[in-house]
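Structural description and commentary
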Amino acid sequence: MPQHRRRERNPVSQSSKESRERNELRKLPMMPIRDMVIFPHMMTPFVVGRESSVRALEEALNGERKIFLATQHDARVDEPRPEEIFQVGTVGNIVQSVRMPDGNIKVLVEGIERARAVEISDADGFFVATVKVAKPLPEVTPQIEQLVQRVTSLFEQYVKLQQSLNVETVASAIRTDEPSKLADTIAANLQLEVPDKQELLDIFDLPERLLKIADVLDIEIEKLNMDRSIQSRVKRQMERAQKEYYLNEKIKAIQKELGRGEKSEFDELKKKIETAGMPKDVFEKAIQELKKLEAMPPMSAESTVSRNYLDWLLAVPWKKKSKETRSIDHAEKVLNADHYGLEKIKERILEFLAVRQLVKNPKGSILCFVGPPGVGKTSLGMSIAKATGRKFVRMSLGGVRDEAEIRGHRRTYIGALPGQIIQSMKKAGTKNPVFMLDEVDKMAADFRGDPSSALLEVLDPEQNHSFQDHYLDVEYDLSQVLFVATANVLHTIPPALQDRMEVLRLHGYTEAEKLEIAKQYLVKKQRDNTGLTEKNLTFTDGALTEMIRSYTREAGVRNLEREIGNVCRKVARRVVKNGAKHKETLTAENLPDFLGVPKFRDSMVHEKNEVGLVNGLAWTEVGGSILQTEVQVLDGKGKLTTTGQLGDVMQESAQAALSYVRSRAHHLGLPRDFYRNVDIHIHVPEGAIPKDGPSAGITLATALASALARIPVRSDLAMTGEVTLRGKVLAIGGLKEKLLAAHRAGIFEAILPVDNQKDLPDLPDNLKSAMKLHFVDSMDEVLKLALEAPLPELRDEAPDVLESSVLNVPPSGVEQRPHQ
């Protein structure tokens with residue numbers, strides 16, 4: 001409503017008073033505006049914030065509500081000078097004004113007429129302009145009518161093309177009989193820059209202004225038509241099925257103009273093939289594939305397959321070799337610096353280097369390191385590469401069950417790739433790397449094939465010079481690769497694969513070896529990992545020995561390294577808290593402060609000799625261990641029960657041991673039919689762990705003899721060996737691991753088969769000197785050594801001794817066994 005009242009009170013075109021004063025000079029408050037041009041007959045809202053503009057607005061509101069609005073040249077200037085403001089502006093009528101909470105004023109101004117500033121002065125902090133308004137409006141002539149029709153027609157086209165304008169709103173705004181108002185309304189709605197709009201405001205002459213607006217509309221309509229044409233053409237092209245082909249053709253045309261055309265790309269591929277050093281048949285196949293690629297359409301699926309195939313042929317090393325370091329002295333230094341002990345392994349590697357010096361092109365060796373976890377199998381392969389100066393690549397075979405992982409997929413399959421052998425050779429970049437096949441004993445087989453069988457060709461020195469990958473489909477020479485396989489056990493590796501590898505066993509470490517490894521390698525490594533120095537933390541030999549005995553029980557040193565790292569982290573926390581000068585010395589006495597209660601007892605397995613309880617020795621994938629065997633005799637009818645998850649072979653050993661004891665009943669002081677009145681229960685503790693193998697035979701037989709004869713077995717003695725029905729003791733495997741397990745458990749005397757005397761040279765000297773070894777040939781010798789007292793021997797047929805000596809004696813053994 002206020003808007004309509006203002007318009008009635010201040011008419012523009014019909015006021016006779018203002019018509020008479022058009023050529024008069026008037027003084028009005030002046031407000032510079034930025035980023036916009038206000039035309040006559042235009043309603044414009046904006047916010048006033050500058051102090052000078054607020055004062056000018058207040059002056060106008062206190063007077064006739066008239067104000068002169070002119071655009072400043074640079075919108076970035078906060079306080080423009082008079083010469084930085086356009087001279088031509090618009091006299092406006094303030095329709096509404098609202099003061100906002102932040103102090104700014106929001107105003108709605110209606111442009112009345114254009115005017116030129118003759119003089120601009122400063123009064124009380126705001127500009128006052130002496131303006132000269134426009135001349136009286138000319139009469140409507142035929143020329144003006146013609147220009148009005150042209151401008152109206154062009155503007156209607158412009159509005160239809162310009163999507164940002166509302167067609168209905170603009171159309172209603174230009175419905176007027178006043179040519180001047182029409183011209184200013186159109187000018188106000190044109191999407192132009194500020195200087196272009198100011199240029200239209202500067203034109204006072206109506207015909208000239210209409211003509212200029214017509215020219216501007218012609219240019220803008222042409223621009224909009226061009227943009228629309230381009231957009232529609234692009235849209236049609238993007239919707240076409242061959243849009244990708246079109247764009248690629250344009251790229252090729254541009255590359256051709258730049259001298260990098262398709263032909264030069266094929267020439268570059270051919271040059272790479274010629275310099276790759278491929279064998280003759282591979283070279284011919286690559287050239288043939290390149291010719292096929294040239295003849296194919298660039299966007300066909302087959303061309304992508306061919307290009308990928310050529311890329312793989314070029315990526316695989318055909319002639320590049322690492323320069324080998326053949327110095328035996330250098331290799332020995334590297335191996336000794338990286339690993340402690342392992343003399344046989346180091347000796348074999350040095351032999352390999354010696355042969356390399358004498359023979360120009362020897363066949364590649366295939367070594368297989370077998371041993372428990374944590375003894376350094378994988379790191380040894382890296383040391384071999386370092387010692388020989390070769391590249392090192394590793395392929396983990398754990399869980400691999402697809403033959404294509406080794407040989408790759410044929411090219412007919414989508415997404416086909418070469419196998420891991422060829423991919424690793426590409427990664428190595430040379431044709432003679434050290435290639436580690438990790439966890440070769442953990443491969444599986446299913447309907448997709450048997451990867452262990454695929455490895456037969458790879459690991460056979462007589463065949464691997466012509467290894468054929470399914471994807472490459474050409475022969476590739478692997479004979480110069482030094483293959484190193486690792487495994488925890490051998491029995492899961494197929495015999496054919498075992499036959500192709502030179503097996504080198506890595507046994508568990510003795511306590512002395514672990515101590516040296518910790519001092520020379522592990523402590524330094526963990527100190528570096530936690531940011532400590534020797535000034536912050538030192539380990540005494542007693543602390544490391546206690547850590548080995550009471551906090552780890554393993555064949556390797558992984559858990560020992562973890563415990564050392566645990567101590568280092570706790571010390572690092574104290575260093576951060578107390579300062580860089582904080583120092584800790586780890587001793588056997590303060591070790592529990594860092595690692596807590598000891599996890600293992602550093603004492604004998606049993607504190608005293610007991611009936612029916614024997615210390616056996618077993619071998620597992622993680623090294624040797626003590627296998628405690630318990631036997632209890634109960635009332636019954638001759639039933640033999642075995643518990644503790646014993647495998648078939650071990651159960652058969654129990655049957656054989658019982659048969660031996662029955663055959664020797666007379667020597668044990670038992671009646672021949674003693675088994676008819678008793679049940680025998682054999683149990684091996686840790687029932688959750690499966691156990692199998694024949695080497696517990698003498699352990700089972702000794703436990704049975706002890707339980708039936710009621711004679712305790714020595715607790716400071718361990719034994720291992722297979723027993724026959726006649727009581728013969730047969731050889732076993734894993735001797736070193738088993739004796740190391742006994743040594744770790746605090747047992748320093750062992751009974752072994754006489755046939756295992758040949759394995760004595762493999763035992764460390766410190767182990768041989770620490771252990772008292774008894775080599776036996778028969779069970780009679782075992783019982784003489786193991787039982788606390790000699791067996792009673794009856795010359796005549798004994799009465800029912802079993803009833804008096806076995807069943808009527810309170811059982812002892814398992815219940816009296818101290819907790820460990």
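Before going into details, it helps to say that this report is about the structure given with it. (Residues numbered from 1 in each chain as written. Predicted model: local features only at pLDDT ≥ 70, side-chain atom pairs only at ≥ 80, totals over all residues. Heavy atoms only, no water.)

A closer look at the pattern of salt bridges
Tallied over the full model, the rule gives 36 salt bridges. With a shortest N-O distance of 2.8 Å, Asp780 and Arg664 are connected by a salt bridge. Here Asp780 is found in helix α28 (residues 779-786), whereas its partner Arg664 is found in the loop between α24 (648-663) and β19 (678-683), with 116 residues between them in sequence. With its nearest N and O atoms 2.8 Å apart, the salt bridge here joins Lys728 to Asp777. (Salt bridge = Lys/Arg side-chain N within 4 Å of Asp/Glu carboxyl O. Helix = DSSP H or I, 4+ residues; strand = E, 2+ residues; numbered from the N terminus.)

Structural notes on the packing of aromatic side chains
Enumeration according to the criterion identifies five aromatic pairs in this entry. Each ring, one from Phe155 and one from Tyr158, has its centre 6.1 Å from the other, and the planes form 25 degrees; the classification is stacked. Of this pair, Phe155 and Tyr158 both sit in helix α4 (residues 142-161), three residues apart, roughly one helical turn. An identical accessibility class is assigned to Phe155 and Tyr158; each is buried. The interplanar angle of 55 degrees and the centroid separation of 6.0 Å between the aromatic rings of Tyr309 and Tyr471 together place this pair among those described as tilted. Remark: Tyr471 occurs in the loop between β10 (467-468) and β11 (475-476) and Tyr309 occurs in helix α12 (residues 301-315); sequence separation between them is 162 residues. A residue is classified by how much of its surface remains accessible, and Tyr309, at 0% relative accessible area, is buried. (Phe/Tyr/Trp six-rings, centres within 6.5 Å; stacked < 30°, edge-to-face > 60°. Buried < 20%, exposed > 50% of the residue type's maximum accessible area, 1.4 Å probe, protein only.)

Some details on helix α17 (residues 420-428)
Looking only at α17, the buried set comprises Ile421, Ile422, Ser424, Met425 and Ala428. Seen end-on, α17 carries its buried residues on one side only, within an arc spanning 160 degrees. Where α17 is buried, its residues meet β8 (392-396), α16 (404-407), β9 (434-438), α18 (451-458), β10 and β11. In the segment just after α17, Gly429 is the residue with positive phi, at about 80 degrees. (Arc of directions from axis to C-beta. Contact = heavy atoms within 4.5 Å.)

Regarding the environment of Pro790
Looking at the secondary structure, you find Pro790 in the loop between α28 and α29 (801-807). Judged by relative accessible area, Pro790 falls into the exposed class, the value being 72%. Once the C-alpha coordinates of Pro790 and Leu668 are considered, the two residues, 122 residues apart in sequence, prove to be 9.5 Å apart.

What to know about a nonpolar patch on the surface
There is a patch of nonpolar side chains on the surface, built from Val355, Leu358 and Val359 and spanning about 290 Å² of accessible area. Relative to the assigned elements, Val359 resides in the loop between α14 (343-358) and β7 (366-370). Overall, the relative accessible area of 37% leaves Val359 in the partly exposed class. (Patch = residues over 30% accessible without salt bridge, like charges linked within 9 Å, V, L, I, M, F, W, Y side chains within 5 Å. Areas by Shrake-Rupley, 256 points an atom, 1.4 Å probe, with all protein chains shown as cover.)

Examining α4
Each turn of an α-helix holds 3.6 residues, which means side chains three or four residues apart point in the same direction. The first and last C-alpha atoms of α4 sit 29 Å apart over 20 residues, in line with the 28 Å expected at 1.5 Å per residue. Among all positions of α4, only Ile144, Leu147, Val148, Val151, Leu154, Phe155, Tyr158, Val159 and Leu161 are buried. Projected onto a plane normal to the axis of α4, the buried residues spread over an arc of 150 degrees and lie on a single side. α4 presents Pro142, Gln146, Gln149 and Lys160 as exposed residues on the side facing more than 90 degrees away from its buried surface. (Expected span 1.5 Å × (residues − 1).)

So yeah, pure geometry; function would need other evidence.
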